[in-house]
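Topology and contacts: notes
If you want the building blocks of each chain, they are given just below.
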Amino acid sequence: MNYKEKLSKEIEIFYQNENLNNGMDLIPFTTKDIDEAEARLIRFAPYLKKVFPELSSSEGIIESSIVECKNLANTLGTKQPLYMKLDSHLPISGSVKARGGIYEILKFAEKIAIENKYLSLTDDYCVMATPKFKELFSKYRVSVGSTGNLGLSIGIISSKLGFEVSVHMSSDAKQWKKDLLREKGVKVIEYPNDYEEAVAQGRKLAEKDSMCHFVDDENSLDLFMGYSVAGKRLFEQFKAMGIGINKDNPLNVYIPCGVGGAPGGITFGIKSYFGENAKVYFIEPTKAPCMVLGLATKLHNRISVKDIGLSGLTVADGLAVGRSSALVSPMMENILDGCFTVRDEKLNVYMKDLYKAEGIFIEPSAAASLHCPNQIEKLNAQKGIHLLWATGGSMVPEKEKELYLQEL
Ligand SMILES: *Cc1c(COP(=O)(O)O)cnc(C)c1O
């Protein structure tokens, strides 16, 4: 059976990318672009610190910690050291989307402020919290299509700055995410169909409106660059922890993948800083494996999981995407090491395993990464350390958590 047939039968697979030798040379961006994105985040740090009290201890920098998971390694039967990157606990919006999503809106706000001569690059960006700026931004609109977490990020930062913001939510999006956004004054528009339609409708409405910025999850370079900063920060974090990543102790990273924007940007960042000493793998639900389908067939965003008879509906709501990003998929063909798929029924088990072992709660989408370390060890007795990218969970309300963790 070829990959496409296996995917259509919802069989769990590992896809090893054979085009890797093309490598970073074919990626049209460099560390200079990552530095530029990071510099923008640093310019905004004083503003972010001022308006989000939870950022006061980090001086306005949105970053997460890395923790070692010895108990979880035991549970999973993993022999190599196991770590977790806690983007599930990123400040402001509690998911990996606090990287790209917030970055894109900050960049948009900066552009408007500079064009209107309200701001120069060397100013203290705290001025953005003043009524004058809010009034300026209130003339502009922001719109986005989302399965949930991107909407949360964009909604929270946009309304804080003063933009009028609409989030087009797919049917997968959880009720509590819609409620939370509405509480914050965000306009939530619901679609009975899937994420692709939510994005398409949002894009269509935004096209008719010259004052509207549409955050295009399927094509956005700003999102990609915001995510890529993670690679640089990760490099610095391992250095500060005294953990040497090299040929004899490589880093194996596992990231849950939906449309591909977040894991793609992070992969570019990681490969830019760690080079061949890091291997990056994506993990997708067997019910919505859009990235591996696009890579294995080389059709990228020109094929949907629906074309092979899959619904695209999964308990991993953040990964319920039928078609991969047109921007990211072709890049991943050159730099991604491989992809795994995992069956839905395992995700709740992994989520509970982590909670039992380490007391860390993440959402089922994020728990997908727990599937990989063991598989990789079986496949090629790989050396080095494993890093699970926990992509979301800390914003999940207590009541919802209890439901998830029932029968523990
Ligand atoms: C969005 C999301 C992802 C994947 O990001 P994409 O850019 O959609 O590939 C993974 N996990 C969670 C929890 C998410 O919200």
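Structure first, text after, so check above.
Residues numbered from 1 in each chain as written. Predicted model: local features only at pLDDT ≥ 70, side-chain atom pairs only at ≥ 80, totals over all residues. Heavy atoms only, no water.

**What to know about helix H16 (residues 398–405)**
Spelled out, the test is: Relative accessible area decides the class of each residue, using a 1.4 Å probe on protein chains only: under 20% of the type maximum gives buried, over 50% gives exposed, and in between gives partly exposed. The way it works is that DSSP assigns letters per residue, a run of H or I at least four long becomes a helix, a run of E at least two long becomes a strand, and they are numbered from the N terminus. What the arc covers is the set of directions going from the helix axis to the C-beta atoms. In what follows, residue pairs with any heavy atoms lying within 4.5 Å of each other are defined as contacts.
Among the residues of H16, those classed as buried are Lys401, Tyr404 and Leu405. Each buried residue of H16 lies within a common arc of 85 degrees when the element is viewed along its axis, so the set occupies one face. Opposite the packed face of H16, turned more than 90 degrees from it, sit the exposed residues Lys399, Glu402 and Leu403. Among the structural elements, helix H13 (344–358) and helix H14 (364–367) are those in contact with the buried residues of H16.

**Here we look at the sheet that holds strand S4 (residues 141–146)**
Selection rule: Should DSSP find at least two bridges between two strands, the strands are taken to pair. Fitting a line to C-alpha atoms yields each axis, with helices limited to the stretch in contact; the angle taken between N-to-C directions then spans 0 to 180 degrees.
Spatially, four strands are ordered S6-S5-S4-S7 in an open sheet, and the strand pairing comes out parallel. Every interior strand has two partners, whereas the edge strands, strand S6 (187–190) and strand S7 (212–215), have only one. Ignoring which end each strand starts from, the neighbouring axes of this sheet average 20 degrees apart. Inspection of the sheet shows S4 paired to S7 by four bridges, in the parallel sense. The residue of S7 that forms the bridge with Val144 is Val215.

**A short note on the site of the ligand**
The line we're drawing: To be near a molecule or strand, a residue needs just one of its heavy atoms within 4 Å of it. The term polar contact refers here to a pair of N or O atoms within 3.5 Å; inside protein, the definition further demands a hydrogen-donor-capable atom paired with an acceptor-capable atom, and it admits residues adjacent in sequence only when both atoms are side-chain atoms. Here the nonpolar group is Ala, Val, Leu, Ile, Met, Phe, Trp, Tyr, Cys and Pro; Asp, Glu, Lys and Arg are the charged ones; every other residue, Gly included, is treated as polar.
Around the ligand, a shell composed of 16 residues is seen, among which Lys97, Asn149, Gly258, Gly260 and Thr391 lie nearest. Contact distances for the ligand include 2.7 Å between an oxygen atom and a side-chain N or O atom of Asn149. In this structure, Gly260 approaches the ligand through a main-chain N or O atom, which is 2.7 Å from an oxygen atom. Considering each element in turn, the shell around the ligand owes the most residues, three residues, to helix H10 (residues 261–274). Classifying every residue of the shell around the ligand by side-chain character gives six nonpolar, eight polar and two charged.

**Observations regarding the side chain of Thr267**
Structurally, the position occupied by Thr267 is in helix H10. Look at Thr267 and you get buried, because its relative accessible area is 0%. Of note is the side chain of Thr267, whose polar atom sits 2.6 Å from the backbone oxygen of Pro263.

**Let's talk about the environment of Asn19**
As for its position among the elements, Asn19 is in the loop between strand S1 (14–16) and helix H2 (31–51). Sequence separation between Asn19 and Glu333 is 314 residues, and the spatial gap between their C-alpha atoms is 6.3 Å. Among all residues touching Asn19, those that are not within four sequence positions of it are Lys298, Glu333 and Asn334. Only 3.4 Å separates the side chain of Asn19 from the side chain of Lys298, close enough to count as a polar contact.

**Here's the deal with the state of the cysteines**
Operational definition: In plain terms, two cysteine sulfur atoms within 2.5 Å form what is called a disulfide here.
Here the structure, examined in full by the defined rule, presents zero disulfides. Here Cys69 is not disulfide-linked; the sulfur of Cys372 is the nearest cysteine sulfur, at 14 Å. Cysteine Cys372 shares no disulfide, and the gap to the nearest cysteine sulfur, in Cys339, comes to 9.7 Å. Residue class for Cys372 comes out buried when judged on its relative accessible area of 0%.

**A few points about the packing of aromatic side chains**
Keep this limit in mind: Aromatic contacts are taken between Phe, Tyr and Trp rings whose centres are within 6.5 Å, Trp giving its six-membered ring; a plane angle under 30 degrees counts as stacked, one over 60 as edge-to-face, and the others as tilted.
Tallied over the entire structure, the rule returns 20 aromatic pairs. With a centroid separation of 6.4 Å and 80 degrees between ring planes, the pair formed by Phe238 and Phe274 is classed as edge-to-face. With a gap of 36 residues between them, Phe238 in helix H9 (residues 221–240) and Phe274 in helix H10 connect regions that are remote in the sequence. With 5.9 Å between their ring centres and 35 degrees between their planes, Phe361 and Tyr404 make a pair best called tilted. Here Tyr404 lies in helix H16 and Phe361 lies in the loop between H13 and H14, a separation of 43 residues in the sequence. Comparing Phe361 with Tyr404, the two get one shared label, buried. Grouped by ring-pair contacts, the aromatic residues Phe108, Tyr118, Phe133, Phe137, Tyr140 and Phe163 constitute a single cluster.

**Remarks on the sheet that holds strand S3 (residues 82–86)**
Taken in spatial order, the seven strands make up an open sheet running S1-S10-S9-S8-S11-S3-S2, and their pairing is mixed. Each edge of the open sheet is held by one strand with a lone partner, namely S1 and strand S2 (66–68). Across this sheet, the average inter-strand angle for adjacent strands is 25 degrees, counted without regard to direction. Strands strand S8 (251–256), strand S9 (278–285) and strand S11 (385–390) of the sheet are contacted by H10, whose axis makes an angle of about 170 degrees with S9.

**Section: the pattern of salt bridges**
The line we're drawing: Think of a salt bridge as a Lys or Arg side-chain nitrogen and an Asp or Glu carboxyl oxygen that are within 4 Å of each other.
Overall, the coordinates contain 26 salt bridges when judged by the stated rule. In this structure, Lys49 engages Glu59 in a salt bridge whose closest nitrogen and oxygen atoms are separated by 2.9 Å. Note that Lys49 is positioned in helix H2 and Glu59 in the loop between H2 and S2, a separation of ten residues in sequence. By relative accessible area, Lys49 is classed as partly exposed at 32%.

**Overview of the pairing of S4**
The line we're drawing: Note on handedness: a clockwise path from strand one over the helix to strand two, with the strands aimed away from the viewer, defines a right-handed crossover.
Of all six residues in S4, five are buried; the element is thus mostly enclosed. Pairing geometry for S4 and strand S5 (residues 164–169), over six bridges, is parallel. Considered in S5, the bridge of Val142 is made with Val165. Remark: the S4/helix H6 (residues 149–161)/S5 crossover connection has right-handed handedness.

**Some words on H2**
The condition is simple: For a helix, the expected span equals 1.5 Å multiplied by the residue count minus one. Note that bend, as reported per residue, equals the angle between axes fitted to the 7 residues terminating at that residue and the 7 residues originating from it.
Between the first and last C-alpha of H2 there are 30 Å, a value that for 21 residues agrees with the 30 Å anticipated at 1.5 Å per step. Most pronounced at Ala45, the bend in H2 amounts to some 45 degrees, and the proline Pro46 follows within four residues. For H2, every residue scored as buried is listed here: Ile34, Ala37, Glu38, Arg40, Leu41, Phe44, Ala45, Tyr47, Leu48 and Val51. Where H2 is buried, its residues meet helix H4 (97–115), H6, H9 and H10.

Purely geometric numbers; function is a separate question.
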